[in-house]
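Examination of the molecular architecture
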Amino acid sequence: MHHTDATEQHLQELELCLLQPDIRTSKRVEELLAEDFIEVSSTGSTHTRQEIINALQSEPTTRWTTSQLKVRMIAPDVALVTFNARRHSEPPVLSVRSSIWRQRDGQWQMCFHQGTLTQNFH
């Protein structure tokens, strides 16, 4: 596996890590979200890093599954990760998600995330 493949696999693992309930409510989230992190929610609202950390701390435990996870390197230290996500709730919630990850000082951190609700996956 060459460096790009290893980097892409690592970014996929980090993205999936953020969907795990035990990670979402832990200090690990603070390590994975960059200080200047911004999220655009499915309703179009913009949220800061601290707002997302606070929301995740009180979020009910939910199981997620993903499909079509893809990593596109934009620059050697910047990547776009896209995927479909299904939140297993009643009713289930389907979304198409995208994240921008940036590497600084050898650490990858998410600096942007957006989730768009969808009725089905294509």
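Heads up: these notes are all about the structure in this document. Sequence order sets the numbering: in each chain, residues are counted from 1 along the sequence as written. Local features are withheld for residues below a pLDDT of 70 in this predicted model, meaning they are given only at 70 or higher, and side-chain atom pairs are given and counted only at 80 or more; totals for whole chains, interfaces and linings count all residues. Note that water and hydrogens are dropped before the side-chain values are worked out from all heavy atoms of the structure.

Focus on the environment of Val93
As a reminder, the rule being used: Numbered from the N terminus, helices here are DSSP runs of H or I no shorter than four residues, and strands are runs of E no shorter than two. Pairs of residues are marked as contacts when any of their non-hydrogen atoms sit within 4.5 Å.
Here Val93 is to be found in strand β5 (residues 93–104). Along the primary structure Val93 and Leu117 are separated by 24 residues, whereas in three dimensions their C-alpha atoms are 7.5 Å apart. Each residue touching Val93, except ones within four places of it in the same chain, is listed here: Ala85, Arg86, Arg87 and Leu117.

A closer look at the layout of surface pockets
To keep it simple, the criterion reads: Buried and open spaces are told apart on a 1 Å grid over the protein atoms alone, a cavity being a set of points where a 1.4 Å probe fits but cannot get out and a pocket being an open set with protein on both sides within 12 Å along at least five of seven lines. Residues with an atom within 4 Å of a point are the lining residues. Grid points are joined across faces, edges and corners, and a volume is the space filled by probe spheres set on the points. Amino acids outside the nonpolar list (Ala, Val, Leu, Ile, Met, Phe, Trp, Tyr, Cys, Pro) and the charged list (Asp, Glu, Lys, Arg) are all regarded as polar, and Gly is one of them.
Considering only enclosed or pocket space, the largest pocket measures out at about 570 Å³ in volume. Broken down by secondary-structure element, the contributors of at least two residues to the lining of the largest pocket are β1 (33–40), α4 (49–57), β4 (78–88), β5 and β6 (107–118). Element by element, the count of residues in the lining of the largest pocket is highest for β6, at five residues. Partitioned by chemical class, the residues of the lining of the largest pocket number 13 nonpolar, seven polar and six charged.

Considering the nonpolar core
Spelled out, the test is: Put simply, buried Ala, Val, Leu, Ile, Met, Phe, Trp, Tyr and Cys residues joined by side-chain atoms within 4.5 Å make one nonpolar core. Burial classes follow relative accessibility: with a 1.4 Å probe on protein chains only, a residue under 20% of its type's maximum area counts as buried, one over 50% as exposed, and anything between as partly exposed.
Grouped together as the largest cluster of nonpolar side chains are 23 residues, with contacts concentrated most on Leu11, Leu18, Val29, Leu32, Leu33, Val81 and Trp101. At the level of secondary structure, the elements contributing two or more residues to this core comprise α1 (3–17), α3 (28–32), β1, α4, β3 (63–75), β4 and β6. No other element matches the four residues that β4 contributes to this core. The contact partners of Leu11, leaving out residues within four places of it in the chain, are Val71, Met73, Ala79, Val81, Trp101 and Trp108.

Things to note about α4
One full turn of an α-helix is made of 3.6 residues, so residues set three or four places apart face in the same direction. Condition: The directions considered for the arc are those from the helix axis to the C-beta atoms.
Every buried residue of α4 is accounted for by Arg49, Ile52, Ile53 and Leu56. Projected down its long axis, α4 carries its buried residues within an arc of 100°, all on one side. On the buried face of α4, the contacting elements are α2 (21–24), α3, β1 and β2 (46–48).

Regarding the sheet that holds β1
Just so we agree on the cut-off: Between any two strands, pairing holds if DSSP finds at least two bridges. An axis is simply a line fitted to the C-alpha atoms; with a helix, the fit covers only the stretch in contact. Between two such axes, the angle follows the N-to-C directions and lies from 0 to 180 degrees.
What the six strands build is an open sheet, ordered β2-β1-β6-β5-β4-β3; its pairing is mixed. Looking at strand neighbours, the two that pair on one side only are β2 and β3, the edges of this open sheet. Strand-to-strand twist across the sheet, computed as the mean angle between neighbouring axes with direction ignored, equals 15°. Inspection of the sheet shows β3 paired to β4 by 10 bridges, in the antiparallel sense. Residue Thr66 lies in a different strand from β4, and its bridge partner there is Ala85.

Examining the pattern of salt bridges
Going by this rule: The salt bridge criterion pairs a side-chain nitrogen of Lys or Arg with a carboxyl oxygen of Asp or Glu, the two atoms within 4 Å.
Overall, the coordinates contain five salt bridges when judged by the stated rule. In this structure, the salt-bridge partner of Lys27 is Glu30, at a minimum N-O distance of 3.5 Å. The residue Asp36 makes a salt bridge to Arg102 at a minimum N-O spacing of 2.8 Å. With Asp36 in strand β1 and Arg102 in strand β5, this residue pair connects regions lying 66 residues apart in the sequence. Judged by its relative accessible area of 42%, Asp36 is partly exposed.

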